[in-house]
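Structural description and commentary
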Amino acid sequence: MKLSWTKHTLAKDKINEFEFDGEGWGITFDGTELMVSDGTSQIQFFDPATFQLNRVISVHHGHRRIPGLNELEYADGKLYANQLGSDYIYKIDPRDGSVVGLIDLTGMWPTAERPKEGLLNGIAVDAKQRKIIVTGKYCPKIFEVQFEEATR
Ligand SMILES: [Ca+2]
């Protein structure tokens, strides 16, 4: 898997690239490290300047690992990840991989309205506004989900 990116979303010149073993499913940035998912329960943390693998966490709730982690978003000290095959978004402590919250979107986009390949794998988090914006593959809608709880 080769990742490359541009300095700005509108820029055309690639500024860097690196290769790593495995698959790249989701990526986000906490201001210090790049966090990359590969469809398992693991999240890899890379230094964005050297692309050195700093550490790996295994996302878990108690003793149970959470597989299928896909799209990632970082906000307000927490990592958010949707899980392939469910309508869950896990809220994760990126320090140790422990699950600290679950956003259950079951029923928001009813199965009967979905194409076979449809899944909720597009997320953006606005922790300050306590909102999550969700869409997905073949999803004709964008949902705005308001948290009731604080995100801390
Ligand atoms: Ca996103």
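Going by the structure above, here's the rest.
Quick notes on the rules
Residues numbered from 1 in each chain as written. Predicted model: local features only at pLDDT ≥ 70, side-chain atom pairs only at ≥ 80, totals over all residues. Heavy atoms only, no water. Helix = DSSP H or I, 4+ residues; strand = E, 2+ residues; numbered from the N terminus. Buried < 20%, exposed > 50% of the residue type's maximum accessible area, 1.4 Å probe, protein only. Contact = heavy atoms within 4.5 Å. Areas by Shrake-Rupley, 256 points an atom, 1.4 Å probe, with all protein chains shown as cover. Donors = N, O, S within 2.8 Å, 3.2 Å for Na, K, Ca; no water. Pairing = 2+ DSSP bridges. Axes fitted to C-alpha atoms, helices over the stretch in contact; angles between N-to-C directions. Phe/Tyr/Trp six-rings, centres within 6.5 Å; stacked < 30°, edge-to-face > 60°. Lys NZ or Arg CZ within 6 Å of the ring centre and 35° of its normal.

Brief notes about the overall build of the protein
Helix and strand content of the protein: zero helices and 15 strands. The buried share among the 152 residues of the protein stands at 42%. For the protein, long-range pairs separated by at least 24 residues make up 35% of all intrachain contacts whose partners lie at least 6 apart in sequence. Surface exposure of the protein reaches about 9,000 Å², of which carbon and sulfur atoms provide 49%.

What to know about the coordination of the calcium ion
Distances from the calcium ion to its protein donors, E71 (OE), E73 (OE) and I123 (O), fall within 2.1 to 2.4 Å. Taken in chain order, the donor set of the calcium ion reads E-x1-E-x49-I. Here I123 lies in strand 13 (residues 119–126) and E73 lies in strand 9 (residues 69–75), a separation of 50 residues in the sequence. Classification of E73 as partly exposed rests on a relative accessible area of 21%. The class of I123 is buried, set by a relative accessible area of 5%.

So, the sheet that holds strand 15 (residues 143–146)
The sheet built from three strands is open, its strands ordered 13-14-15 with antiparallel pairing. Of all the strands in the sheet, just strand 13 and strand 15 have a single pairing partner and so form its edges. Strand-to-strand, the axes of this sheet are offset by a mean angle of 30 degrees, without reference to chain direction. Here strand 14 (residues 131–137) runs beside strand 15; their pairing, made up of four bridges, is antiparallel. Paired with I133 across the two strands is E144, which belongs to strand 15.

Some details on the packing of aromatic side chains
A full pass over the atoms with the stated rule returns one aromatic pair. Ring geometry for Y88 against Y90: centres 6.1 Å apart, planes inclined by 85 degrees, an arrangement best described as edge-to-face. Above the plane of the ring of F45 lies R55, whose end atom (NZ or CZ) is 3.8 Å from the centre.

Remarks on the sheet that holds strand 12 (residues 99–104)
Read across the open sheet, the four strands follow the order 9-10-11-12; overall the sheet is antiparallel. Pairing within the sheet leaves two strands with one partner each, and these edge strands are strand 9 and strand 12. This sheet shows a mean twist of 25 degrees between the axes of neighbouring strands, independent of strand direction.

Details of the environment of L119
Mapped onto the secondary structure, L119 falls in strand 13. The sequence separation of L119 and S86 amounts to 33 residues, and the corresponding C-alpha distance is 8.4 Å. The contacts of L119, once residues within four sequence positions are left out, are N70, L84, W109, R114, T135, G136 and K137.

Overview of the environment of I57
Positionally, I57 belongs in strand 6 (residues 53–58). The exposure class assigned to I57 is buried, which follows from its relative accessible area of 6%. Considered as a pair, I57 and D96 are 39 residues apart in the sequence and their alpha carbons are 6.2 Å apart. In contact with I57, not counting residues within four places along its chain, are S41, Q42, I43, F45, P94, R95, D96 and G97.

Observations regarding unusual backbone geometry
A positive phi angle, close to 55 degrees, is found at R130, a residue other than glycine. Here R130 falls in the partly exposed class, since its relative accessible area comes to 33%. The backbone phi angle of Y138 is positive, close to 60 degrees, even though this residue is not glycine. The residue Y138 is located in the loop between strand 14 and strand 15 in this model.

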